[in-house]
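Inside the fold
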Amino acid sequence: MADEKKYAKYIYEMPRCEPREHFEGKVNHLMIFDSIDCPENKLWFSVYEVYAPGSGQGMGDTWEIPSMAGETVTETGHFHDVPEVHLFFGSDPEHPDDLGGEVEVWLGSGEDAEKYVITKKTAIYCPPGLVHTPFYYRKVTHPPYYQIAILSAPEITAEQTGELPPGFKR
């Protein structure tokens, strides 16, 4: 498509995972993200939410976390020399596909910067050198989970661009 965004290929809205019998109705399988979803991704992620008594361990009572609305994960764009994966998913066991808010995600830099708005569980793959952030929480109805994974050498480095995308507004 001629009007498709340049970085859209790195945004993956994750489909609902099938329940597994051995979870006995006590665990939500929230998402799987692997090289089937993104051929460049060399990591396999499987995220679970344990929400019923007798299931071992869980994420605790997430409903008491203060709102993140209006907060950014980082102030200006940056990039790494290794791949990075960002996972966004909700905390409501009754609505596992709902992120619990609205996150504005920026990929690219300068005039090439593109804004994406996510409201469902989503994985974002950032190949080496792709400028990303800010990730800005525009709305939070219940606390979302956010995880980052970087497969790296002994040390992770982030090269800061020192600038925000031209279209970014607080």
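If you're wondering where the values come from, they're calculated on a predicted model, not measured in any experiment. (Residues numbered from 1 in each chain as written. Predicted model: local features only at pLDDT ≥ 70, side-chain atom pairs only at ≥ 80, totals over all residues. Heavy atoms only, no water.)

1. As for the packing of aromatic side chains
In the structure shown here, the tally under the stated rule is seven aromatic pairs. Summarising the aromatic geometry, the rings of Trp106 and Phe168 are spaced 6.4 Å apart at their centres and angled 85° between planes, so their arrangement reads as edge-to-face. Of this pair, Trp106 sits in strand β6 (residues 98–107) while Phe168 sits in the segment after β11 (159–160); the two residues are 62 residues apart in sequence, bridging distant segments of the chain. Accessibility classification places Trp106 together with Phe168 in one group, the buried group. The rings of Phe88, Phe135 and Tyr146 are connected pair by pair, giving a single aromatic cluster. One residue, Lys5, lies across the ring of Tyr116, its end atom 4.6 Å from the ring centre. (Phe/Tyr/Trp six-rings, centres within 6.5 Å; stacked < 30°, edge-to-face > 60°. Helix = DSSP H or I, 4+ residues; strand = E, 2+ residues; numbered from the N terminus. Buried < 20%, exposed > 50% of the residue type's maximum accessible area, 1.4 Å probe, protein only. Lys NZ or Arg CZ within 6 Å of the ring centre and 35° of its normal.)

2. Overview of the environment of Thr161
For Thr161, the location among the structural elements is in the segment after β11. Using a relative accessible area of 29% as the deciding quantity, one classes Thr161 as partly exposed. Separated by 52 residues in the primary sequence, Thr161 and Ser109 have C-alpha atoms spaced 8.3 Å apart. Once residues lying within four places of it in the same chain are set aside, the contact partners of Thr161 are Thr76, Gly77, His78, Phe79 and Val131. (Contact = heavy atoms within 4.5 Å.)

3. Comments concerning the state of the cysteines
Throughout the structure, instances matching the rule amount to zero disulfides. The thiol sulfur of Cys38 is not disulfide-bonded, and the nearest other cysteine sulfur, from Cys126, lies at 9.9 Å. With a relative accessible area of 2%, Cys38 lands in the buried category. Using a relative accessible area of 1% as the deciding quantity, one classes Cys126 as buried. (Disulfide = S-S within 2.5 Å.)

4. Observations regarding the environment of Phe168
Judged by relative accessible area, which is 10%, Phe168 ranks as buried. Residues Phe168 and Ala113, spaced 55 residues apart in sequence, show a C-alpha to C-alpha distance of 9.4 Å.

5. Some thoughts on the environment of Tyr12
Mapped onto the fold, Tyr12 is located in strand β1 (residues 11–13). For the pair Tyr12 and Asp37, spaced 25 residues apart in sequence, the C-alpha separation works out to 7.5 Å. Not counting chain neighbours up to four residues away, the residues in contact with Tyr12 comprise Phe33, Asp37, Cys38, Lys121, Thr122, Ala123 and Tyr125. A distance of 2.8 Å separates a polar side-chain atom of Tyr12 from the backbone oxygen of Lys9. (Polar contact = N/O pair within 3.5 Å; in protein donor to acceptor, adjacent residues only side chain to side chain.)

6. Overview of the confidence of the model for the protein chain
Looking at the protein chain as a whole, the pLDDT averages 75, with 71% of positions reaching at least 70. Per-element confidence in the protein chain ranges from a low mean pLDDT of 68 for strand β3 (residues 45–50) to a high of 95 for strand β7 (residues 114–120). This stretch, residues 54–68, has a pLDDT under 50; its non-local contacts, to residues over four places away or in other chains, come to 21 contacts. (pLDDT = per-residue confidence, 0-100.)

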